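Chain and residue survey
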Amino acid sequence: MNLLLVLIAFAGIAAIDVPGMVKSKRWHDLTVYSILFLLVLVLGILVALDVKVPSPIKAIQAFYRDILHLSFKIS
Amino acid sequence: MTLEKENISSKELAFAVFCFIHGTVLRSGFIISVTRNDSWAMAFTGLLFMLPIVAIYAGLLRKFPGKSLVEIDDIIFGPILGKVISALYLFFFASLAALNTRDLGNFVAVHMMPETPIAAAIAVFLLGCVYTLRKGIENLINLSTLLFIISAGALALNAILVLKEVQPEFLKPLFRLEPQKYVQATVSVTAVPMGEVLAFTMLTPMLGKNGKAAKPLLLGLVLSSVSMAIVLMRDIVTLGPLVSIVSLPAFESIRYVSLGDILTRLESVYGVILIILFLLKVSILLYAFVLGLTQMLSGKRRPLSNPGHEGQASGTAQSLNSKNHPPLILISAALVFFYSLFVFESMMENKNWGATTAPFFSLTFEFLLPAVSLLVACLRKLGRAREVKA
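Just so it is clear, the structure is predicted and the values come from calculations on it, not from any experiment. (Residues numbered from 1 in each chain as written. Chains lettered and ligands numbered in written order. Predicted model: local features only at pLDDT ≥ 70, side-chain atom pairs only at ≥ 80, totals over all residues. Heavy atoms only, no water.)

1. Quick notes on the packing of helix α1 (residues 2-23) of chain A against helix α2 (residues 27-48) of chain A
All names here are of chain A. Inclusion rule: Structural elements are reduced to axes, namely lines fitted to C-alpha atoms, with helices fitted over the stretch in contact, and the angle between N-to-C directions of any two is expressed from 0 to 180 degrees. Helix and strand labels come from DSSP, where a helix needs a run of H or I of at least four residues and a strand needs a run of E of at least two; each type is numbered from the N terminus. Any angle between 65 and 115 degrees counts as roughly perpendicular, while under 35 counts as roughly parallel, over 145 as roughly antiparallel, and the rest as oblique. Residues are treated as being in contact if the distance between any of their heavy atoms lies within 4.5 Å. Residue classes follow a fixed rule: Ala, Val, Leu, Ile, Met, Phe, Trp, Tyr, Cys and Pro count as nonpolar, while Asp, Glu, Lys and Arg count as charged, and any other residue, Gly among them, counts as polar.
In contact at an axis separation of 10 Å, α1 and α2 are set at 170° when each is read in the N-to-C sense. If you check the angle between α1 and α2, you find them roughly antiparallel. For the pair α1 and α2, the contacting residues are Asn2, Leu3, Val6, Leu7, Phe10, Ile13, Ala14, Asp17, Val18, Met21 and Val22 in the first and Trp27, Asp29, Leu30, Tyr33, Phe37, Val40, Leu41, Gly44, Ile45 and Ala48 in the second. Split into classes, the residues belonging to the contact of α1 with α2 amount to 17 nonpolar, two polar and two charged.

So, in structure tokens, the structure goes:
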């Protein structure tokens, strides 16, 4: 169900964004857009399928706390 | 998309800065958990620490008038290193947008509509942000004057109505905590709500006149620190020891408001104002991300503007025009949507991040990178002074 909603949403986004670029033959823009679109679509599918996507914020937290030793202590 | 020829006034920018920060101020729990009944004073110490940071932003914007942060990086560090640094800024803006969106989702799911899935609340909220951006960021900034009046009016009204519940002795004992607690809270106030005004360096090219960004930024910050002190003091004298236990002190203290049996349950008004302020904040962060991404992908550098030249104001805004560049607002909002869903697994993780690491992470982008940029620009003698000589 979640996957279907994600696919419908992305179809809607493409339907809004792509025709303008195709109509005015902006192929470079379309290429850039397509790469971003595919990356976000893959992310969306992973989230919809409940695949555990690692949060960059947690990696940053570990980097600042354990490597740079820049972290406040909780009282 | 109607994002062309956008201009904003200094006054509107100042009010936008106030509204941008006030949304976070209304969730003051992260400061109160550290400095408890002395937290109100941190609004002023945080402002003092913010002054040199604003001076750095003002220095960069004065050297490169009419340029956004991404364009400035390109000029200072060159096309390759400049893009790497710009990508870091974009990651920061996207992360802030995702974290604030998640906070909004948590607020709605816990306090307002407990049976609504958080993803649904976030999706509707981000659709609102997309609608706002497609109508033009200028309109949102224009609205900030009205939003300022509403939120400042609501703050004053709440403070007056809650007066009969106030117990001033809750402010005592004054300043008895260990000094490092005050340092921690000051750094947190500087980095988390105040330093996030870095996003406005993507909007300042929309100001009609060059080199006038510092004044509105500063005015917005002063107004915010006064409102922050009022909010924190109201919460402390109303809730007493409870203030460091509840998750949203402002929300809980407004619950005390009761005028006869007529004016009660004002926390719903607080909820509506908080959502509107979040909409403004996330829209500005999303705009900063989309504009930066568009400028990075376009790779074209606009010439430095001459002082007093008005036409440049529309330049940065025009680069979001879908007739010239790929339309990135919807796909960026989708990215923020999914990012906000997996950024934290629980509210405890979110609180832990905010209390321990977020200030250092934020200061890297809000202070360290801009300071290095300004230093390199000065050493390489880049910017307006050199252009005038040439």
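2. Quick word on the side chain of Thr201(B)
Residues and elements named next belong to chain B. Where we set the bar: Any N or O atom pair separated by 3.5 Å or less is treated as a polar contact, with the protein-specific requirement of one donor-capable and one acceptor-capable atom, and with residues adjacent in sequence counted only for side-chain atom pairs.
Relative to the helices and strands, Thr201 resides in the loop between α7 (179-194) and α8 (214-239). There is a polar contact of 2.5 Å between the side chain of Thr201 and the backbone oxygen of Leu198. Those residues in contact with Thr201 that sit more than four places away from it in its chain are Tyr57, Leu61, Lys67, Ser68 and Leu69.

3. Brief notes about the packing of aromatic side chains
Formally: Ring geometry is summarised as follows: Phe, Tyr and Trp rings, the Trp one being its six-membered ring, pair when their centres sit within 6.5 Å, and such pairs are stacked at plane angles under 30 degrees, edge-to-face over 60 and tilted between the two. The rule is simple: take the accessible area with a 1.4 Å probe, protein chains only, and divide by the maximum for that residue type; under 20% is buried, over 50% is exposed, in between is partly exposed. Cation placement over rings: the criterion is NZ of Lys or CZ of Arg within 6 Å of the ring centroid and within 35° of the ring normal.
Considering all chains together, one arrives at 23 aromatic pairs over all chains under this definition. Measuring from ring centre to ring centre gives 6.1 Å for Phe107(B) and Tyr270(B), while their planes differ by 75°; the resulting arrangement is edge-to-face. Placement of Phe107(B) in helix α4 (residues 69-112) and of Tyr270(B) in helix α10 (residues 267-298) is noted, with a sequence separation of 163 residues between them. By relative accessible area, which is 4% here, Phe107(B) ends up buried. Grouped by ring-pair contacts, the aromatic residues Phe63(A), Tyr64(A), Tyr89(B), Phe91(B), Phe92(B), Phe93(B), Trp353(B), Phe361(B) and Phe365(B) constitute a single cluster. Of note, Lys281(B) hangs over the ring of Phe20(B), and the distance from its end group to the ring centre comes to 5.2 Å.

4. Details of the interface of chain B and chain A
Heads up, the rule is: Summed over both partners, the accessible area lost on bringing two parts together, with a 1.4 Å probe, is the buried area. A carboxyl oxygen of Asp or Glu within 4 Å of a side-chain nitrogen of Lys or Arg is what we treat as a salt bridge.
Each partner contributes to the interface: chain B provides 40 residues, whereas chain A provides 32 residues. Between chain B and chain A lies a buried interface of about 3,200 Å² when both sides are counted; carbon and sulfur atoms form 73% of it. Of all residues in chain B, Ile331(B), Phe338(B) and Phe342(B) bury the most surface against chain A, accounting for 21% of the area lost on that side. Here chain B is connected to chain A by three salt bridges. With a closest N to O distance of 3.3 Å, Lys58(A) and Glu349(B) form a salt bridge. Taken together, the connections running from chain B to chain A amount to eight residue pairs in polar contact (both at pLDDT 80 or more). Listed by contribution, the elements that provide at least two residues to the side of chain B that touches chain A are α4, α7, α10, α12 (329-342), α13 (347-356) and α14 (358-379) of chain B. Among the elements that make up the side of chain B that touches chain A, the one with the highest residue count is α12(B) (eight residues). Residue classes in the side of chain B that touches chain A are distributed as 23 nonpolar, eleven polar and six charged.

5. Digging into the side chain of Ser86(B)
Structurally, the position occupied by Ser86(B) is in helix α4. Setting aside residues no more than four positions away along its own chain, Ser86(B) makes contact with Val70(B), Asp73(B) and Met296(B).

By themselves, these figures tell us nothing about what the structure is for.
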